Every structure is written in structure tokens, then in C-alpha cells.
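The residues making up each chain are set out below.
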Amino acid sequence: MQSTLDLAQDLIARRSVTPDDAGCQQILAERLTAAGFACEALPFGAVSNLWARRGRGAPLLCFAGHTDVVPPGPLEQWHSDPFTPTVREGRLYGRGAADMKSAIASFVVALETFVREHPDHRGSIALLITSDEEGPSVDGTARVVERLRARAEKIDFCIVGEPTSSEVLGDTIKNGRRGSLSGRLTVRGRQGHIAYPQLALNPIHALAPALAELAKAKWDEGTEFFPPTSWQMSNIHGGTGATNVIPGSVDVDFNFRFSTASSAQSLRERLESVLRQHQLDYAIAWTTPSQPFLTTPAVLVKAVEDAIRACTQGTPKLSTDGGTSDGRFIATICPQIVELGVVNESIHKVDEHVALESLAQLPLIYLEILRRLVK
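In short, a report on the structure. A quick note: this is a predicted structure, and the numbers were derived from the prediction, not measured.

## Some details on the packing of helix H5 (residues 203-215) against helix H6 (residues 264-277)
Phase 1: Viewed as axis vectors pointing N to C, H5 and H6 meet at an angle of 145°, and their least axial separation amounts to 9 Å. Seen along the crossing, H5 lies across H6 with a hand that is right-handed. Contacts between H5 and H6 involve Ala210, Glu213 and Leu214 from the first element and Leu271, Val274, Leu275 and Gln277 from the second.
Phase 2: Across the contact of H5 with H6, the residue classes break down as five nonpolar, one polar and one charged.

## Things to note about the pattern of salt bridges
Phase 1: Within the structure shown, the criterion is met by 21 salt bridges.
Phase 2: Across the pair Arg151 and Glu40 runs a salt bridge whose closest N-O atoms are separated by 2.9 Å. A residue pair is termed long-range when its members are at least 10 positions apart, and Arg151 in the loop between helix H4 (141-150) and strand E7 (157-160) and Glu40 in strand E1 (residues 38-41) qualify at 111 residues.
Phase 3: Judged by its relative accessible area of 26%, Glu40 falls in the partly exposed class.
Phase 4: We note a salt bridge from Glu153 to Arg151, for which the minimum N-O separation is 2.7 Å.
Phase 5: Relative accessible area serves as the criterion here: at 33%, Arg151 is assigned to the partly exposed category.
Phase 6: Shared partners join several salt bridges into a network, and the residues in it are Glu40, Arg53, Arg151 and Glu153.

## Quick word on the sheet that holds strand E4 (residues 86-88)
Phase 1: In spatial order, the strands read E4-E5-E19; together these three strands make up an open sheet with antiparallel pairing. Single-partner strands in this sheet number two, and they are E4 and strand E19 (353-355). Averaged over neighbouring strand pairs, the angle between their axes works out to 25° when direction is ignored.
Phase 2: By the bridge criterion, three bridges tie E4 to strand E5 (residues 91-93) in an arrangement that is antiparallel. The residue of E5 that forms the bridge with Val87 is Leu92.
Phase 3: On the sheet, helix H1 (residues 2-12) packs against E4 and E5 and is oriented at approximately 20° with respect to E5.
Phase 4: Each of E4, E5 and E19 touches helix H9 (residues 356-374); the most contacted strand, E19, lies at about 65° to it.

Thresholds, definitions, all that
- Residues numbered from 1 in each chain as written.
- Predicted model: local features only at pLDDT ≥ 70, side-chain atom pairs only at ≥ 80, totals over all residues.
- Heavy atoms only, no water.
- Axes fitted to C-alpha atoms, helices over the stretch in contact; angles between N-to-C directions.
- Helix = DSSP H or I, 4+ residues; strand = E, 2+ residues; numbered from the N terminus.
- Left-handed = near helix turned anticlockwise from the far one by under 90°.
- Contact = heavy atoms within 4.5 Å.
- Nonpolar A, V, L, I, M, F, W, Y, C, P; charged D, E, K, R; others polar.
- Salt bridge = Lys/Arg side-chain N within 4 Å of Asp/Glu carboxyl O.
- Buried < 20%, exposed > 50% of the residue type's maximum accessible area, 1.4 Å probe, protein only.
- Pairing = 2+ DSSP bridges.

Structure representation (C-alpha cells):
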């Protein structure tokens, strides 16, 4: 455990608030180079990316993750400095301890151990690290995947180190993620004095029946691995702030979390159909959707499940819940992706932490996966 703890502490001590890598990837590159990896820095804009590969043949097993972290929030609410890694009561505290510098440290220790055991391993192993996962996710993994695709580098298996566990290490793994599609709806009316509604057109009143219909709509039935698609409003704004003015427009921010049973295009078309049926004067600014991805149980899922059983005696459940991850980009060049990491209860919170026991077990799980797929 000590080598994993030492590396995790070294990474946490670096103030790598997105998109600043703060030198984390240099630490990783130095260690991986010593283990025989060819390390390639791929910066795009303010984002640092690292692609490290050992071997040229197939299959290629890639570990993926991010060195950037979210801001720590109010420092006075932390019991210790978020960028001074602190061990107390069997836990390691610090921003990024769970999401996901402990997983990266575990990746590296497992890779170093595997290479010592099997210096002439079959296939290839790689590490893809970005500092843009917690930010816009434009110049990070997405850009690295574009570069790999242009070079015809194909990934056969990928383990993403996101914190997927719910209560104990390895109790949950993600074999996919829902897609995400957001938009801002603007419905136009006609501003006027609230005492003379006949001389105005209240867009809030006009929109309300359509919102009620959208809120209760059943978008699809889901699939074996995905729940039904959901549509949620996050913000509604209309009015000038005055209580005697009918607003000229109202804005609604909304989001779809959708399964492979629907497409972004079909959801857009259906939502706009409802708006047209209600004869609204509207405009929608759509965001670029994050596509859903799914790995059906096969070689990779079995290897991960078997590795967890061997190291923890537990049986993981498969899940596709939660937000999006960089797996959505990797899925365009990799047919099998599984996310596996530490307990996620404290991520993005004050006093983020990871159990020391997990720092001992997670490298062993990753090592077992390596042995089963590229030994």
C-alpha cells in the first residue's frame, strides 16, 4: 500500500484545479518511462494530456483518468488543507483523493508491478490521462481520441478509474453511461402592464401547459441496462423583477438523460413537436449532446468481475447511472469499456477522502485485470 499512498499524496499535493495539471502528468510520465512506456505529451490549449504506451501489438488495454480536480470550495470548512494530503482515522483526505488521484496512483503501481512480473507481456498496455475532465471536456480526452483515430490506434479494452463504488470498493462497476442533451428554451410573448392582460401576451401562461405535458411524458422504456430516459428542468426565468409587468419572454433550461433506446435527434424532434402543438413562438439553443455508451457483458466485464472477486471476495453489480464520463469519447474507438474506482460518497465534497484499505486493494484489482487480459 505504501507506494500507492506515496504517489497519491504526491498527486493530491499538486493544486490541479481544472484545467491546470500542476505537474501531475510529469510525475506519471517519469515513472512510466522508467517502466518502458513511450510517453507522449499532447497539450491542447490550456489542457495537458498524456498518452503512454508499452508494446505495439494487440490487444491494447488502456487505463484512462484525469488529473484535474474541482475547486475545493470554502477552505474554512475543511478539517485540513485540501491540497495538503492528510491521513487520519484510516483515511487519506484531500481534493482529488477519491476523484480520482487514488485510482491514477493505483493504475501506475499496478502497471509497474505487472511489467516487472511480465517484461515480455503480450499485446500492449497504455495510460490516457487528461486535465480536462472536470471542465468543458473539449481539449482533453476527446482531442486525444481524435489523434489516436487519425493514427489508426485502436483500443481493445479500457478501464476508466472513475469512483464507481457505492459502499465498499468494487461493489459497483459501470458498464456504460447515459447520454446527456441540454437546451435553453426561450418562449416569446408580448410585454405589457399586468393590469391590462388583453394588451399583452404572457409567455409564462402560454408555456405552462406544454411544460406540464413534457414533465409527464414517457420518452422511452429504457433497456436491460438503462433506465427510461428522463427530462428535467433546472432553471426557469421570466420577468423584469417588477411585480406589475407581464414579461416579454421566458427562458427554461432543461436536460435529457437518455439511454440507447432513444437518440438525441429523436428527443429533439419530439420535444419541438410538443411546443408546436401548443402554438408557441419559441427558439431553442441546443448543446452538443454526450452520447450514451454500453459494454455488454463479455471479455472485459468478466475479467473485471473475476478480478474483484479474487481480491475482495465480493461480486460487483453492473450499473449505468450517474453523470457522464470521458468513457463516451473513448467508446468511439474502443468496443469494451468498464469504469472501476473507489467509493464515491465524498467526491466533490468538503473533506473528500479515500479509505487507506482501498489504496491497498485497488492496485491489486487492476493488476489482476492486467494478468487476465495481457499476460
